[in-house]
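Okay, here's what each chain looks like letter by letter:
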Amino acid sequence: MSNSVITLKLSEAQEDMLLHQFRENRTAAPAYAKWQVRPEGCVITCYSSGKAVFQGKDAAVYASAFHPAAQPDAETASTSADILPQAGSDEVGTGDYFGPVCVAAAIIDSTTIAEVRRLGVRDSKALSDDDIRRIAPSLLRLLPHTVLILDNARYNAVHETNNINAIKAKLHNQAYVNLERKYGLPSFCMVDQFTPEASYYRYIRQEPRVIRGLHFETKAENRYPAVGAASIIARYAFLVRWDEMEKKYGMTLCKGAGAAVDRCAAGFVSRFGFEELKNAAKLHFRNTEKLHGHR
Ligand code: MN
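Residues numbered from 1 in each chain as written. Predicted model: local features only at pLDDT ≥ 70, side-chain atom pairs only at ≥ 80, totals over all residues. Heavy atoms only, no water.

Visitor: Teacher, can you tell me more about the coordination of the manganese ion here?
Guide: Six octahedral donors around a metal ideally make angles of 90 or 180 degrees; four tetrahedral donors ideally make 109.5 degrees. Protein coordination at the manganese ion: the donors are Asp90 (OD) and Asp192 (OD), at 2.1 to 2.2 Å from the metal. You can see Asp90 sitting in strand E6 (residues 86-92) and its partner Asp192 sitting in strand E9 (residues 189-192), a full 102 residues away along the chain. Residue classification places Asp192 among the buried residues on the basis of a relative accessible area of 10%. (Donors = N, O, S within 2.8 Å, 3.2 Å for Na, K, Ca; no water. Helix = DSSP H or I, 4+ residues; strand = E, 2+ residues; numbered from the N terminus. Buried < 20%, exposed > 50% of the residue type's maximum accessible area, 1.4 Å probe, protein only.)

If you want it as structure tokens, here you go:
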């Protein structure tokens, strides 16, 4: 499938996020379009109707971030989901205005797979926060794993010179470097794909150690138990940090990046000042611009 076309209806917040993420790849918009960006392997055109058209060989990779049902191309989807041992990695928090970005990697082998399945890891997408809090501690005990937490202060500093996919690539690579150092890596490692493979390796080419030979698939957390386990572990790390932040600030924070988050951010700024936001939120989100009256 060398030139697939995927059309999605995006929310305004998703549109903003997409345009911001690829603002360096912006090109002149065609007639009737609001804007167009051309990241590697894809042309994304956003229309006034709110429709976004993803076109090109990596369209499915870019669209998968916004569409739960978007599946990888049949030809790239492998039948290797049951390979053991397997390592998998996933990240969380990139769509939440408040809170850190967390990346986890985990290894599953023939001695742990039955227990992983019993815990219900396969259905990771359908898990509530309460499910995550219940399942994750068992996974942490059971599986060799590593977790990286990029707190908001560091995220905001790093984001000045790295786009979000570069940040994700560096975190995934570092998670595998740490996993390798602690436990050794199995020959099969699967990344829940967020960018084309060539871009991934370009983002990390300056890193002191680059883990090569990784496999990449979108929606991998539903198919590969090691990726599902990594996504639960990453989500748990995020929730633990979230609880700490709510305790520190003595207020309930809002997940996501929608209108409720705008109200929450306004409340936060009126209590702690605009400067403190850099320690609690991802400043490049549009939510920050909407705070103008509160600065
Ligand atoms: Mn993911």
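Resuming the write-up.
Visitor: Any chance you could explain the packing of aromatic side chains here in plain terms?
Guide: Ring pairs (aromatic) are described by centroid distance and by the angle formed between their planes. In total, this model carries 14 aromatic pairs according to the counting rule given. Judged by centre distance (5.4 Å) and plane angle (75°), the ring pair of Phe22 and Tyr62 falls under edge-to-face. Taken as a pair, Phe22 in the loop between helix H1 (12-21) and strand E2 (26-27) and Tyr62 in helix H2 (residues 59-63) lie far apart in primary sequence, 40 residues in all. As far as burial versus exposure is concerned, Phe22 and Tyr62 are alike and both buried. When the centroid spacing of 5.0 Å and the interplanar angle of 50° are considered together, the rings of Phe268 and Phe272 count as tilted. (Phe/Tyr/Trp six-rings, centres within 6.5 Å; stacked < 30°, edge-to-face > 60°.)

Visitor: Honestly, the nonpolar core in this entry has me stumped. Any pointers?
Guide: It is characteristic of soluble globular proteins that their nonpolar side chains tend to be buried jointly. Counting residues in hydrophobic clusters, the biggest one holds 43 residues, and the most contacted among them are Tyr97, Phe98, Leu139, Ile232, Leu253, Phe268 and Leu277. Residue assignment for this core shows that the elements contributing at least two residues are strand E7 (101-108), helix H3 (113-118), helix H4 (129-142), helix H8 (225-249) and helix H9 (259-272). It is H8 that contributes the most residues to this core, twelve residues altogether. Beyond its immediate chain neighbours, meaning those up to four positions away, Leu277 contacts Tyr97, Phe98, Phe268, Val269, Leu283 and Leu291. Of all hydrophobic cores here, the second largest spans 28 residues; its members include Ala87, Val103, Ile167 and Leu214. (Core = buried A, V, L, I, M, F, W, Y, C linked by side-chain atoms within 4.5 Å. Contact = heavy atoms within 4.5 Å.)

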